[in-house]
Amino acid sequence: IQNSADTAKILISGEIGEGWFDEGFTLEKLKAGIGSDDVTNIELEINSLGGDLIEALAIYDSLKTSNARVKAKIIGSSASAATVIAMGADEIEISENSNFRIHRASTVAMGNVDAMDEAAQELAMWDEKLLNIYQKRTGKRKSQISDLMKQDKWISSSEAVTWGFADRKIKEVKTILNHSEMDTTELKKLLKVETDDQ
């Protein structure tokens, strides 16, 4: 977490919600990261395979109701509950090598047929919430999004942009120079060597 007078920069990495092995990223951490109500820009960097949908929805709602402008950068990968958080941003960028994955809600249930029916109804409710969020962001038909959720597959950064889950790919600002393009004169002086091989 990095804060300046008007900008909060927050890394969302690992599990969403209280995890089995670590604390995970929670609404409480988001609020602590933002700090002051005077913050006008929130910059999220997301690299997460997901976690607790209820926690992700709370974070999403908090971002959508914030007065600050929210920008998200997806790096590495974003899946499941982490994609819900990303949808809370006003602007979403995704790195070239990132992947993106949405799927239907899942749970663990046990008991008799009545308990199974109740679990199925709850899952259908969560799926509808997800469909609404993704549809609002992408403008795609719910049937299209539902089909993608059922496939439960990774899509590339280019596909994420085509679908509308991200606005654009992050531009690479660093270029790699090959040996013939580099002027090593100053470097050789600094290292006190005479040739590039040295």
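Computed from a predicted model, the values in this text were never measured in an experiment.

Cut-offs applied
- Along each chain, the written sequence defines residue order, and numbers are assigned to residues from 1.
- Local features are withheld for residues below a pLDDT of 70 in this predicted model, meaning they are given only at 70 or higher, and side-chain atom pairs are given and counted only at 80 or more; totals for whole chains, interfaces and linings count all residues.
- To get the side-chain values, take all heavy atoms of the structure and skip hydrogens and water.
- The way it works is that DSSP assigns letters per residue, a run of H or I at least four long becomes a helix, a run of E at least two long becomes a strand, and they are numbered from the N terminus.
- Here the expected span of a helix is defined as 1.5 Å times the quantity of residues minus one.
- Working definition: with a 1.4 Å probe on protein chains only, accessible area under 20% of the residue-type maximum means buried, over 50% means exposed, and in between means partly exposed.
- Salt bridges are defined as contacts in which a side-chain nitrogen from Lys or Arg sits within 4 Å of a carboxyl oxygen from Asp or Glu.
- Geometry is summarised by axes, namely lines fitted to C-alpha atoms with helices restricted to the contacting stretch, and by angles between N-to-C directions that run from 0 to 180 degrees.
- These descriptions rest on fixed angle ranges, namely under 35 degrees for roughly parallel, over 145 for roughly antiparallel, 65 to 115 for roughly perpendicular, and the rest for oblique.
- Two helices that cross are described as forming a left-handed crossing if the nearer one is turned anticlockwise from the farther one by less than a right angle, and a right-handed crossing if clockwise.
- In what follows, residue pairs with any heavy atoms lying within 4.5 Å of each other are defined as contacts.
- Each residue gets one label: Ala, Val, Leu, Ile, Met, Phe, Trp, Tyr, Cys and Pro are nonpolar, Asp, Glu, Lys and Arg are charged, and the others, such as Gly, are polar.

Colleague: I'd like a description of helix 4 (residues 113–138), backed by residues and values.
Modeller: Relative to the 38 Å expected for 26 residues at 1.5 Å per residue, helix 4 spans 37 Å between its end C-alpha atoms, a close match to the ideal helical length. Listed as buried for helix 4 are Ala 119, Asp 127, Leu 130, Leu 131, Ile 133, Tyr 134, Arg 137 and Thr 138. Backbone geometry just after helix 4 places Gly 139 at a positive phi near 75°.

Colleague: How would you summarise the pattern of salt bridges if you had to cite specific residues and measurements?
Modeller: According to the stated counting rule, one finds ten salt bridges in the structure shown. The closest approach of N and O atoms between Arg 137 and Asp 167, which form a salt bridge, is 2.9 Å. Linking Arg 137 in helix 4 with Asp 167 in the loop between helix 6 (157–163) and strand 8 (168–169), this pair joins segments that are 30 residues apart in sequence. The exposure class of Asp 167 is partly exposed, given its relative accessible area of 34%. Taken together, the shared-partner salt bridges connect Arg 69, Lys 71, Glu 91, Glu 93 and Arg 168 into one network.

Colleague: So, the packing of helix 4 against helix 5 (residues 142–151): which residues are in play, and what are the values?
Modeller: Look at helix 4 against helix 5: their axes get within 9 Å of each other, and the N-to-C directions meet at 120°. Put simply, helix 4 runs oblique to helix 5. Considering only the axes of helix 4 and helix 5, their crossing is right-handed. Here Asp 127, Glu 128, Leu 130, Leu 131, Asn 132, Tyr 134, Gln 135 and Thr 138 of helix 4 lie close against helix 5, whose contacting residues are Lys 142, Ile 145, Ser 146 and Met 149. Across the contact of helix 4 with helix 5, the residue classes break down as five nonpolar, four polar and three charged.

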